[in-house]
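Take a look at the letters that make up each chain.
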Amino acid sequence: MAGSLRNTIKALQTFLDTSLEELIVSPTSVSAQVLSLFHRVAQTVPAYKDFLQQQGIDPTQIQTLEDFVTLPLTTKDNYLRQFPLPRLCRDGKLETCDMMAVSSGSTGEPTFWPRFITDEYQIATRFEQIFADSFAADQKRTLAVVCFALGTWVGGMYTANCCRHLASKGYPLTVITPGNNKTEILRVVQALGPMFEQVVLLGYPPFLKDVIDTGLTEGVPWPQYHLKWVMAGEVFSETWRDLIGTRVGSTNPCFDSASLYGTADAGVLGNETPLSICIRRFLADHPEIAAELFGEPRLPTLVQYDPSSRYFEVTEAGTLLFSGDNGIPLIRYHICDRGGILPFDQMLAFLQAHGFDAITTLQQQGHAPIRPLPFVYVFGRSHFTVSFFGANIYPENVTVGLEQPEICDWVTGKFVMQVQTDTDENSHLVIHVELAPGQTASIAKENAMAQSILQQLRRLNSEFANYVPASYQTPQIHLLANGDPTYFPVGIKHRYTRSPENSRID
């Protein structure tokens with residue numbers, strides 16, 4: 001017990017004393033930290049010790065990064081589900097963790113994720129980057145409104161804890177946790193917002209849009225609260241960011257919002273910065289340059305990350321691995337997210353070669369510390385697509401179609417894609433779309449959405465344009481009431497695709 005207390009005090013003191021100015025990447029120190037993590041896990045985590053033994057690996061032989069990358073990947077199936085939960089924890093003791101969370105189960109059965117308070121401090125630094133570098137919350141009285149679901153699910157409680165850690169570090173930051181109760185969110189913002197210099201909403205993108213749109217219909221004066229917003233969980237377009245910004249009175253998109261790249265497995269892996277947003281907005285306007293950089297024209301989430309906290313690798317198949325310390329420490333863990341990594345200097349040089357000076361452009365928009373951290377980009381998981389005539393249809397392609405000016409006021413931004421077959425076994429792309437509060441369905445709206453989505457699919461998805469016969473390209477739109485219990489149940493993390501099983505058009 002005494003040792004645990006000492007370690008907790010030491011970790012807290014390190015968090016309180018460490019400045020963001022110390023976020024400088026040294027390849028030598030990163031290599032040493034990654035190898036140190038591996039040896040510590042191999043010695044103290046019974047499940048990983050057994051895993052290596054089963055693979056015939058002697059951990060003492062892993063002495064360089066070149067050795068490290070020969071280690072087998074770990075996954076939910078080959079590692080996490082093969083051992084009792086306590087054996088996955090440090091020293092094989094579940095009781096060394098003080099909190100348990102549950103993953104959303106987007107890839108299967110829900111998974112339990114234990115952690116200790118010290119695991120949250122390195123994640124709190126990711127929040128600190130956003131609150132300090134983007135929102136200047138180290139200097140402004142700030143109300144943080146947690147709009148993620150609370151309870152056992154990982155997002156809400158983790159976010160609330162990390163924000164409170166920033167307050168303990170001296171940030172003039174106050175946290176309130178209405179969760180995903182929209183009525184309560186609007187109530188607390190209007191009651192408390194005038195007492196602060198700015199209000200930050202933290203939640204999933206489509207839910208935050210729903211909150212903002214509902215607030216507008218109820219007369220909430222969003223611009224008066226100098227609103228900022230933090231998102232996680234989904235890829236969104238820069239059109240979407242602009243749309244939300246217009247509705248809340250945002251004047252500086254690189255500094256008024258930020259997205260977190262996080263997983264239940266390991267908390268926050270990376271975060272948008274003013275620089276990464278500036279770069280992404282340039283690439284959104286130049287899909288041909290984005291295609292050269294990322295391998296395809298659709299726009300991924302683009303964040304910066306600290307390799308001493310979460311060490312990323314990319315497989316030959318173009319999926320991401322990471323290693324990091326947690327309640328369940330993970331080594332070369334395969335999270336199935338498609339994406340890649342780009343060193344800081346390589347990113348800037350690539351953009352410069354294409355006529356874009358990212359740092360100068362950003363400095364013209366506002367003051368932001370430039371932290372030389374590498375970039376990771378994430379397209380998301382392949383099973384969030386649907387295959388239609390051999391073309392992969394991505395949610396973000398459809399999203400842009402629903403965000404066009406003539407469409408966006410009718411919808412919340414949530415939709416579900418399916419490929420359904422008719423009685424002659426012909427396949428059709430069917431999209432169920434959630435109407436905004438107070439909106440009603442009509443044939444005219446369905447036709448307008450179908451044409452808007454079709455236009456964006458042809459523009460952004462070359463597979464769709466070339467693989468799908470013209471007579472099948474126009475999607476079938478079904479408009480559903482806000483909160484429809486079958487497709488858009490309230491309080492549940494939204495999924496944009498649904499299995500084609502039993503999906504037929506009669």
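About the cut-offs
- Residues numbered from 1 in each chain as written.
- Predicted model: local features only at pLDDT ≥ 70, side-chain atom pairs only at ≥ 80, totals over all residues.
- Heavy atoms only, no water.
- Core = buried A, V, L, I, M, F, W, Y, C linked by side-chain atoms within 4.5 Å.
- Buried < 20%, exposed > 50% of the residue type's maximum accessible area, 1.4 Å probe, protein only.
- Contact = heavy atoms within 4.5 Å.
- pLDDT = per-residue confidence, 0-100.
- Helix = DSSP H or I, 4+ residues; strand = E, 2+ residues; numbered from the N terminus.
- Arc of directions from axis to C-beta.
- Pairing = 2+ DSSP bridges.
- Axes fitted to C-alpha atoms, helices over the stretch in contact; angles between N-to-C directions.
- Parallel < 35°, antiparallel > 145°, perpendicular 65-115°, else oblique.
- Left-handed = near helix turned anticlockwise from the far one by under 90°.
- Right-handed = clockwise from strand over helix to strand, strands pointing away.

A. Spotlight on the nonpolar core. In this structure, Tyr48, Tyr79, Phe127 and Phe131 are the most contacted members of the largest nonpolar core, which totals 71 residues. If we ignore the near neighbours within four places in the chain, the residues touching Tyr79 are Val45, Ala47, Tyr48, Phe51, Thr74, Leu88 and Leu330. Counting residues in each nonpolar core, the second largest holds 27 residues, with Cys254, Ile277, Ile289 and Leu302 among its members.

B. How the structure looks around the confidence of the model for the protein chain. In this model, the protein chain carries an average pLDDT of 90, and 94% of its residues clear a pLDDT of 70 or more. Here residues 104–108 is a poorly scored stretch, pLDDT under 50, and it has 12 contacts once near neighbours within four places are set aside; other chains count.

C. Spatial organisation of helix H13 (residues 344–353). Among all positions in H13, only Phe344, Met347, Leu348, Phe350 and Leu351 are buried. Projected down its long axis, H13 shows its buried positions confined to an angular sector of 160°, all on one face. Structural note: H13 exposes Asp345 and Ala353 on the side pointing more than 90 degrees away from its buried face. At the C-terminal side of H13, Gly355 shows a positive phi close to 80°.

D. Just the sheet that holds strand E18 (residues 476–480), in detail. Here we have 3 strands laid out as an open sheet, ordered E16-E17-E18, and mixed in their pairing. Two strands lie at the open edges of the sheet, namely strand E16 (411–421) and E18, each paired on one side alone. In this sheet, adjacent strand axes meet at a mean angle of 25° when their direction is disregarded. Note that strand E17 (residues 427–435) and E18 share 5 bridges and pair parallel. Counted as the bridge partner of His432 is His478 from E18. Sheet strands touched by helix H15 (residues 395–402): E16 and E17. Its angle to E16, the strand with the most contacts, is close to 130°. Sheet contacts for helix H16 (residues 443–460): E16, E17 and E18; angle to E18, the most-contacted strand, approximately 130°.

E. Just the packing of helix H7 (residues 182–192) against helix H8 (residues 205–217), in detail. Here H7 crosses H8 at 60°, and the two axes come no closer than 10 Å. In this view, H7 runs oblique relative to H8, as classed from their interaxial angle. In the packing of H7 onto H8, the handedness of the crossing is right-handed. Side by side, H7 and H8 meet where Lys182, Ile185 and Leu186 of the first sit next to Phe207, Asp210, Val211, Thr214 and Gly215 of the second.

F. Seen up close, the pairing of strand E5 (residues 198–203). The buried fraction of E5 is high, at 6 of 6 residues. Here E5 shows a buried face lined by Gln198, Val200 and Leu202 and a second buried face lined by Val199, Leu201 and Gly203. Examined bridge by bridge, strand E3 (residues 142–146) and E5 share 5 bridges and lie parallel to one another. Paired with Val146 across the bridge in E5 is Leu202. Where E5 meets strand E6 (residues 227–232), 5 bridges bridge the pair, whose relative direction is parallel. Within E6, the residue paired with Leu201 across the bridge is Trp229. Viewed along the sheet, the connection from E5 through H8 into E6 turns out right-handed.

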